[in-house]
Protein chains: 2
Amino acid sequence: MPRGSRIGTREEILATALDLFLAQGYEATSLREIAERLDITKAALYYHFPAKEQLVVELTRQFLNDLADLVATARAEPLSERRARLTELLSAYLDLLIEHQQVIDLLSRNPATQNHPDVGLRARNLIEALRTELAGPDAKAEDKLRVACAMGAISSVAMLPVMDGERVRALILGAALAAFDAEPVGDVVVRSPSRRVGD
Amino acid sequence: MPRGSRIGTREEILATALDLFLAQGYEATSLREIAERLDITKAALYYHFPAKEQLVVELTRQFLNDLADLVATARAEPLSERRARLTELLSAYLDLLIEHQQVIDLLSRNPATQNHPDVGLRARNLIEALRTELAGPDAKAEDKLRVACAMGAISSVAMLPVMDGERVRALILGAALAAFDAEPVGDVVVRSPSRRVGD
DNA sequence: GTCTATAGGCAGATAGAC
DNA sequence: GTCTATCTGCCTATAGAC
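Residues numbered from 1 in each chain as written. Chains lettered and ligands numbered in written order. Predicted model: local features only at pLDDT ≥ 70, side-chain atom pairs only at ≥ 80, totals over all residues. Heavy atoms only, no water.

**Considerations on the pattern of salt bridges**
All names here are of chain A.
Right, so step 1: According to the stated counting rule, one finds 28 salt bridges over all chains in the structure shown.
Right, so step 2: One salt bridge connects Asp-19 with Arg-37, and the closest N-O pair in it is separated by 3.9 Å. Separated by 18 residues along the polypeptide, Asp-19 in helix 1 (residues 9-24) and Arg-37 in helix 2 (residues 31-38) bring together distant segments of the chain.
Right, so step 3: Assessed through its relative accessible area of 52%, Arg-37 is described here as exposed.
Right, so step 4: Here Glu-166 ties to Arg-169 by a salt bridge, and the two come within 3.6 Å at their closest N and O atoms. In this pair, Glu-166 and Arg-169 both sit in helix 10 (residues 166-181), 3 residues apart, roughly one turn of the helix. (Salt bridge = Lys/Arg side-chain N within 4 Å of Asp/Glu carboxyl O. Helix = DSSP H or I, 4+ residues; strand = E, 2+ residues; numbered from the N terminus. Buried < 20%, exposed > 50% of the residue type's maximum accessible area, 1.4 Å probe, protein only.)

**As for the protein's contact with DNA strand C**
Right, so step 1: Around DNA strand C lies a shell of 19 residues, among which Leu-31 and Tyr-46 of chain A together with Thr-41, Tyr-47 and His-48 of chain B are the nearest.
Right, so step 2: Atoms of DNA strand C within 4 Å of the protein belong to the sugar or the phosphate in 60% of instances, the rest to bases.
Right, so step 3: Contact between DNA strand C and Thr-41 of chain B: a phosphate oxygen at 2.8 Å from a main-chain N or O atom of the residue.
Right, so step 4: Here a phosphate oxygen of DNA strand C and a side-chain polar atom of Tyr-47 of chain B are 2.5 Å apart.
Right, so step 5: Broken down by secondary-structure element, the contributors of at least two residues to the surface near DNA strand C are helix 2 and helix 3 (42-48) of chain A together with helix 3 (42-48) of chain B.
Right, so step 6: The biggest single contributor to the surface near DNA strand C is helix 3 of chain B, with 4 residues.
Right, so step 7: The residue makeup of the surface near DNA strand C, split by class, is 9 nonpolar, 6 polar and 4 charged. (Near = heavy atom within 4 Å. Polar contact = N/O pair within 3.5 Å; in protein donor to acceptor, adjacent residues only side chain to side chain. Nonpolar A, V, L, I, M, F, W, Y, C, P; charged D, E, K, R; others polar.)

**A few points about the interface of chain A and chain B**
Right, so step 1: Across the contact, 71 residues belong to chain A and 71 residues belong to chain B.
Right, so step 2: The contact between chain A and chain B buries some 5500 Å² in all, and 61% of this surface belongs to carbon and sulfur atoms.
Right, so step 3: There are 2 salt bridges connecting chain A and chain B.
Right, so step 4: Of the charged contacts, one joins Glu-142 of chain B and Arg-167 of chain A as a salt bridge, the two residues approaching to 2.8 Å between their closest N and O atoms.
Right, so step 5: Viewed at the interface, chain B and chain A are joined by 6 residue pairs in polar contact (both at pLDDT 80 or more).
Right, so step 6: Of all elements in the fold, only helix 1, helix 4 (52-76), helix 5 (82-99), helix 6 (101-109), helix 7 (111-114), helix 8 (120-135), helix 9 (141-155) and helix 10 of chain A reach the threshold of two or more residues within the side of chain A that touches chain B.
Right, so step 7: The element contributing the most residues to the side of chain A that touches chain B is helix 10 of chain A, with 12 residues.
Right, so step 8: For the side of chain A that touches chain B, a count of residues per class yields 34 nonpolar, 18 polar and 19 charged. (Contact = heavy atoms within 4.5 Å. Buried area = accessible area lost by both parts, 1.4 Å probe.)

**What to know about the domain arrangement of chain A**
By a widely used convention, the size of an interface equals the accessible area lost when the partners come together.
All names here are of chain A.
Right, so step 1: Parsing chain A into structural domains produces domain 1 (10-50) and domain 2 (53-178).
Right, so step 2: Once you take the C-alpha centre of each, domain 1 and domain 2 turn out to be 28 Å apart.
Right, so step 3: Listed per partner, the contact involves 14 residues of domain 1 and 12 residues of domain 2.
Right, so step 4: Across the domain 1/domain 2 interface, buried area totals approximately 1200 Å², and carbon plus sulfur atoms make up 81% of it.
Right, so step 5: Contact with domain 2 buries surface across domain 1, with Leu-18, Leu-22 and Tyr-26 losing the most and accounting together for 46% of the total.
Right, so step 6: Taken together, domain 1 and domain 2 are joined by 1 salt bridge.
Right, so step 7: Arg-10 is the partner of Glu-58 in a salt bridge, and the nearest nitrogen-oxygen pair spans 3.4 Å.
Right, so step 8: Between domain 1 and domain 2 we count 3 residue pairs in polar contact (both at pLDDT 80 or more) in total.
Right, so step 9: Listing elements by their share of the side of domain 1 that touches domain 2, those giving two or more residues are helix 1 and helix 2. (Domains from an automatic or database assignment.)

Next comes the structure, spelled out in structure tokens:
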């Protein structure tokens with residue numbers, strides 16, 4: 001059943017694809033499912049996108065460009081003011097994750113997208129570049145690990161239901177900086193459990 | 001070409017399946033690929049495992065049981081010594097992630113596995129239970145966020161190439177505790193980039 | 001425990017009418 | 001821009017011989 005001429009078909013396709021990819025995964029979602037939900041046919045999809053993978057390329061393009069911008073910003077920052085630079089860049093990284101939360105979910109949860117040169121590989125390279133920039137050119141292994149922990153704390157936004165407000169943002173940024181600065185903690189002993197839970 | 005009777009066929013199948021699932025994803029890996037790499041046939045796989053999804057169930061069983069044990073430990077701990085309890089449980093959680101790094105990769109990267117009641121849903125419930133236990137029964141939203149940040153810092157192990165040594169472990173645990181304790185940091189301004197990187 | 005052979009289905013993708 | 005119709009190929013899973 002045709003829907004007639006609409007302005008936003010392409011955007012509707014992308015939105016629907018994102019929905020289904022997030023819920024079921026990229027590989028587990030067929031073009032038939034996407035088409036059915038939109039009440040069009042598979043062939044109609046192929047008018048707008050030459051192949052299934054192109055859906056992911058388009059869905060992730062904006063995020064990846066923003067991430068590339070952030071790396072460029074990092075490279076342009078003077079190394080002299082190290083602390084201010086770290087704070088600023090982690091803050092921008094946090095904003096990026098919040099803004100593109102769904103796309104990041106898509107990328108991190110779908111191995112099939114991670115080997116695509118314009119998507120997964122590009123993302124990996126950019127993240128690696130950011131980590132390198134944050135640690136500094138003369139960074140020791142420990143500094144790199146500290147940066148990884150800080151970025152990990154920021155990644156906790158991905159685990160959370162919804163992001164709301166400046167207070168939450170400030171807390172996560174504070175946690176990331178504290179993770180970076182932290183003293184090592186060793187020699188912790190764990191007692192044995194009384195009974196297993198869950199089965 | 002038959003391989004004759006071997007003791008470890010079942011374990012070889014699981015190891016090969018894990019390899020391929022990690023490299024390509026669960027959905028993107030066919031039973032034919034697994035069989036070919038092992039030099040057996042698809043039908044032989046079905047002798048050992050009744051369905052493809054059973055491979056994931058077996059691969060994740062040990063990790064999920066260990067995680068359930070950790071939740072049980074958390075429930076058995078006295079709430080009186082809050083700080084020691086938090087340190088101890090985060091430490092055990094870190095050990096768990098290190099020990100089962102590959103399985104965690106498998107779970108977190110494959111949406112298709114995440115709706116299975118004995119795998120993804122069980123994992124989600126256990127992680128949620130652990131977060132709740134760590135935050136405490138009377139926890140405010142902010143405490144839960146702090147726990148999420150701490151667990152996020154620990155999750156940084158998943159981003160790292162290899163885990164080696166007590167020093168690295170101590171650093172990550174320290175970062176997690178510091179993330180939990182951190183003061184909020186607000187009002188950071190980001191300058192604009194000079195030029196985009198990467199294309 | 002492993003094989004051959006095949007059923008039965010759905011995938012991604014294309015051709016060409018309208 | 002969307003359709004119908006169809007191709008080709010691979011998928012999971014099963015039956016039954018050895």
